[in-house]
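# Overview (structure and organization)
Listed below, chain by chain, are the residues.
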Amino acid sequence: MAKRASTIVGLEIEPSAIHVASVTVNGRVSVKTAAVAPLETGIVRDGEVNDVEGLSEALRSLFRENKGLDKKVRIGIANQKIVVRVIELPPIDNPKELETAIRFQAQDQIPMPLDSAVLDYQPLEIVETENGPRQRVLIVAARRDMVDRVMTACRSAGLKPEGIDLSAFAMIRALHRPAPTADPEPVLYLSVGGLTNLAVAEGTTCLFTRVVGGGLEAIAVELAERKALTLEHARGWLRHVGLVTPLAEIESDDQDEIAEEARTVLLDGVRRIGGEVRNSLDFHHAQEGVGLQVQRAVLTGAAATVPGFDDALAAELGLPVECGVLDGTPEGLDPHLLTIAAGLAVEEAPHA
């Protein structure tokens, strides 16, 4: 099982907010301390740091106001420019030889020069193919300048980065629950917030991950533009209106037009996100070597705070969708906002 990384705080930087958490682990992840701080629009765009000094100041303020948080952090990254691939190699037992082989083949798989990229990998299972047994390996590459901007902002804020990790991996670690059967089924994990971040995993092993564009934040931006609201008010309206209560029963203080518009953009947003996720799943299922298809999904992120979002997404995906919940969230903070930060505070779990 995963175990807590000593004193490390998980740090998730979304386009709209910073989420931090430290955890304890006793069979499952439980939040010990946590904090959330909003980010001004434009500091982070599409998952990439656009304003290093602005992010640094926001981080500095957050940790100054929450003195109980350790400054050793593991940082999560997620954006559409991170490249994730699964490659196949002949089985290699020697770790150094395996790394050499991975880097050699990655040159043909990664659409960026390797000398300007940060490359990591995770061995998966050995599969039988027409050419004999092959070792499947998940490789991840990110532009070094993108990673450097995150690290610079954190160090300038007085933090001590202990590592960078894919937010998708952290999501899996935080939400994974042991399967009732001996053979783990593939599960779709979805974080829908500032971005829509998806991962398919068997047990704690990530088989596929992709960032598929705007999440709930894009829906809030659309509502804000249509009804001349601040983003904060637009987010509040989305949570207030949701997708469960009939519009006629929603208290809106003579602002029925905003409630109707909130319901409209929510429904449109769920359809758009559902379509993007379906396309990604179809792509994953079409890959050679993929076994069982995904049969259920787990939702987290800001969208999980919107009533009925999970059921509406289930209807779009044709899959049951449940909201993943962490234990021990401090009072006043929504657990769905802390999932990835909590997963980042956990050491890499051995793959199943």
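What you see is a predicted model; the values in this text were computed from it and never measured.

## Describing the sheet that holds strand β8 (residues 117–129)
Taken in spatial order, the three strands of this open sheet run β7-β9-β8, and their pairing is antiparallel. Two strands in the sheet have a free side with no partner beyond their single neighbour: β7 (83–89) and β8. Strand-to-strand twist across the sheet, computed as the mean angle between neighbouring axes with direction ignored, equals 20 degrees. Here seven bridges tie β7 to strand β9 (residues 132–143), and the two strands are oriented antiparallel to one another.

## Notes on the side chain of Asp310
Structurally, Asp310 can be placed in helix α8 (residues 309–317). Residues in contact with Asp310, not counting those within four places in the same chain, are Leu299, Val321 and Cys323.

## Quick word on the environment of Glu48
Of note, Glu48 is situated in strand β5 (residues 48–49). Separated by 142 residues in the primary sequence, Glu48 and Leu190 place their C-alpha atoms 19 Å from one another. Residues in contact with Glu48, not counting those within four places in the same chain, are Ile43, Asn79, Lys81, Arg143, Met146 and Arg149.

## Digging into the pattern of salt bridges
Applying the stated criterion across every chain, the model contains 18 salt bridges. Between Asp165 and Arg173 there is a salt bridge, with the nearest N and O atoms lying 2.8 Å from each other. Note on Arg173: relative accessible area 7%, which makes it buried. One salt bridge in this structure joins Arg278 and Glu316, with 3.7 Å as the shortest N-O distance. With a gap of 38 residues between them, Arg278 in helix α7 (residues 256–285) and Glu316 in helix α8 connect regions that are remote in the sequence. Glu316 sits in the partly exposed class, given a relative accessible area of 26%. Several salt bridges converge on common partners, so that one network encompasses Glu48, Lys81, Arg143, Asp145 and Arg149.

## Digging into the sheet that holds strand β14 (residues 297–300)
A sheet is described by the order of its strands in space; here five strands give the open sequence β13-β12-β11-β14-β15, paired in mixed fashion. Unpaired on one side and paired on the other, β13 (205–214) and β15 (321–323) mark the two borders of the sheet. Taken pair by pair, the neighbouring strands of this sheet meet at an average axis angle of 20 degrees, ignoring direction. Bridge analysis of strand β11 (residues 186–192) against β14 gives four bridges, and the strand direction is parallel. Bridge pairing in β14 places Tyr189 opposite Val298. The strands touched by α7 are β11, β12 (195–202) and β13; relative to β13, the strand with the most contacts, the crossing angle is about 145 degrees. Its contacts with the sheet place α8 against β11, β14 and β15, and it is angled at close to 155 degrees to β15.

## Quick word on helix α6 (residues 231–241)
Taken together, the buried positions of α6 are occupied by Leu231, Ala234, Trp237, Leu238 and Val241. Seen along its axis, α6 keeps its buried residues to an arc of 115 degrees; they face one direction. Away from the buried face of α6 by more than 90 degrees, exposed residues Glu232 and His233 are located. Directly beyond the C-terminal end of α6, a positive phi value near 55 degrees is found at Gly242.

## A closer look at the environment of Ile43
Within the secondary structure, Ile43 is located in the loop between β3 (29–38) and β4 (44–45). Taking C-alpha positions, Ile43 is 27 Å from Tyr189, a pair spaced 146 residues apart along the chain. Those residues in contact with Ile43, other than ones at most four positions away along the chain, are Glu48, Val49, Asn50, Asp51, Gly54 and Leu55.

So, how was this worked out
Residues numbered from 1 in each chain as written. Predicted model: local features only at pLDDT ≥ 70, side-chain atom pairs only at ≥ 80, totals over all residues. Heavy atoms only, no water. Pairing = 2+ DSSP bridges. Helix = DSSP H or I, 4+ residues; strand = E, 2+ residues; numbered from the N terminus. Axes fitted to C-alpha atoms, helices over the stretch in contact; angles between N-to-C directions. Contact = heavy atoms within 4.5 Å. Salt bridge = Lys/Arg side-chain N within 4 Å of Asp/Glu carboxyl O. Buried < 20%, exposed > 50% of the residue type's maximum accessible area, 1.4 Å probe, protein only. Arc of directions from axis to C-beta.

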